[in-house]
Amino acid sequence: MVSTEKNHPIQVGIIMGSDSDLPIMEAAANVLSAFGIGYELTVVSAHRTPLRMVEYAQKAAGRGIKVIIAGAGGAAHLPGMVASLTHLPVIGVPIKSSNSIDGWDSVLSILQMPNGIPVATVALNAAKNAGILAGSIIGAFEASIGEKVADYKSQLEAEVLTKVKNLQSKGFPNEFDSKKN
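Okay, so let's go over this structure.

1. Concerning the packing of aromatic side chains
For any two aromatic rings, the description comes down to two numbers: the centre-to-centre distance and the angle of the planes. For the coordinates displayed, the defined rule picks out one aromatic pair. Ring geometry for Phe35 and Tyr152: centres 5.9 Å apart, planes at 80°, overall edge-to-face. One end of the pair, Phe35, is in helix H1 (residues 22–35); the other, Tyr152, is in helix H6 (residues 143–169), and 117 residues separate them in sequence. When sorted by exposure, Phe35 lands in the same class as Tyr152, which is buried.

Below you can see the structure in the form of structure tokens.
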């Protein structure tokens, strides 16, 4: 298990079915680090270590975890099974695995949860969005985190507006923006 900087209490658990999912799931960790949110990251397999999964889910809240991000490929049972075992919000990251049908198996397994067991589901391989969503959830209750999420979104807007100006400087027609000036 990896934990982040010592000055940030661990609030988000990032779990994945296999270490082969790490290249995708690191994006969530990077976002959380940028927001100053402590996280832990580990492997918890719904199929190969079901008792570890049960223990992780049931003890997470008591350890101070506020949100769980669970990435899984293939049958992708990890997010839903964890959600069935905890009251914490669970964000599922469907991962396109090498033996999948273009990732649809993962997407549908995480997305199609029965009523009463919700899992927030992001796009295929979109662990970055899971990190942003976890930041938004925590930021709703912690103003300093909420400000960092808002700043991040403002930065996205500024990047787009810079691209608009770049296109204008190259002479591409744009009636929408030219009428605003």
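2. Details of H6
An ideal rise of 1.5 Å per residue puts 39 Å on 27 residues; H6 measures up with 39 Å between its terminal C-alpha atoms. For H6, the full list of buried residues reads Ile145, Val149 and Tyr152. Residues of H6 that are buried make contact with H1 and helix H5 (127–139). Downstream of H6 by one or two residues, Gly171 has phi in the positive range, about 85°.

3. Brief notes about the pattern of salt bridges
By the definition in use, this model includes four salt bridges. As a salt-bridge pair, Lys59 and Glu55 come within 3.0 Å of each other at their nearest N and O atoms. Taken together, the residues span about one helical turn, with Lys59 and Glu55 both in helix H2 (residues 50–59) at a distance of four residues. For Lys59, a relative accessible area of 46% corresponds to the partly exposed category. The closest approach of N and O atoms between Glu142 and Lys66, which form a salt bridge, is 2.9 Å. Remark: Lys66 occurs in the loop between H2 and strand S4 (67–73) and Glu142 occurs in the loop between H5 and H6; sequence separation between them is 76 residues.

4. Remarks on the nonpolar core
One finds Val12, Ile14, Met25, Leu32, Ile69 and Val93 to be the most contacted residues of the largest nonpolar core, which totals 27 residues. Counting only elements with at least two residues in this core, the list comes to strand S2 (10–16), H1, strand S3 (38–43), S4, strand S5 (90–95), H5 and H6. For this core, the element with the highest residue contribution is H1, accounting for six residues. Residues in contact with Leu32, not counting those within four places in the same chain, are Val12, Ile14, Ile37, Tyr39, Ile69, Gly131, Ala134 and Gly135. Met53, Ala76, Leu78 and Leu88 belong to the second-largest nonpolar core, a separate cluster that totals 19 residues.

5. A word on H5
In this model, H5 (13 residues) spans 18 Å end to end at C-alpha, consistent with the 18 Å of a helix rising 1.5 Å per residue. Looking at the buried side of H5, the elements it contacts are S2, H1, S4, S5 and H6.

Reading guide: rules and limits
- Residues numbered from 1 in each chain as written.
- Predicted model: local features only at pLDDT ≥ 70, side-chain atom pairs only at ≥ 80, totals over all residues.
- Heavy atoms only, no water.
- Phe/Tyr/Trp six-rings, centres within 6.5 Å; stacked < 30°, edge-to-face > 60°.
- Helix = DSSP H or I, 4+ residues; strand = E, 2+ residues; numbered from the N terminus.
- Buried < 20%, exposed > 50% of the residue type's maximum accessible area, 1.4 Å probe, protein only.
- Expected span 1.5 Å × (residues − 1).
- Contact = heavy atoms within 4.5 Å.
- Salt bridge = Lys/Arg side-chain N within 4 Å of Asp/Glu carboxyl O.
- Core = buried A, V, L, I, M, F, W, Y, C linked by side-chain atoms within 4.5 Å.

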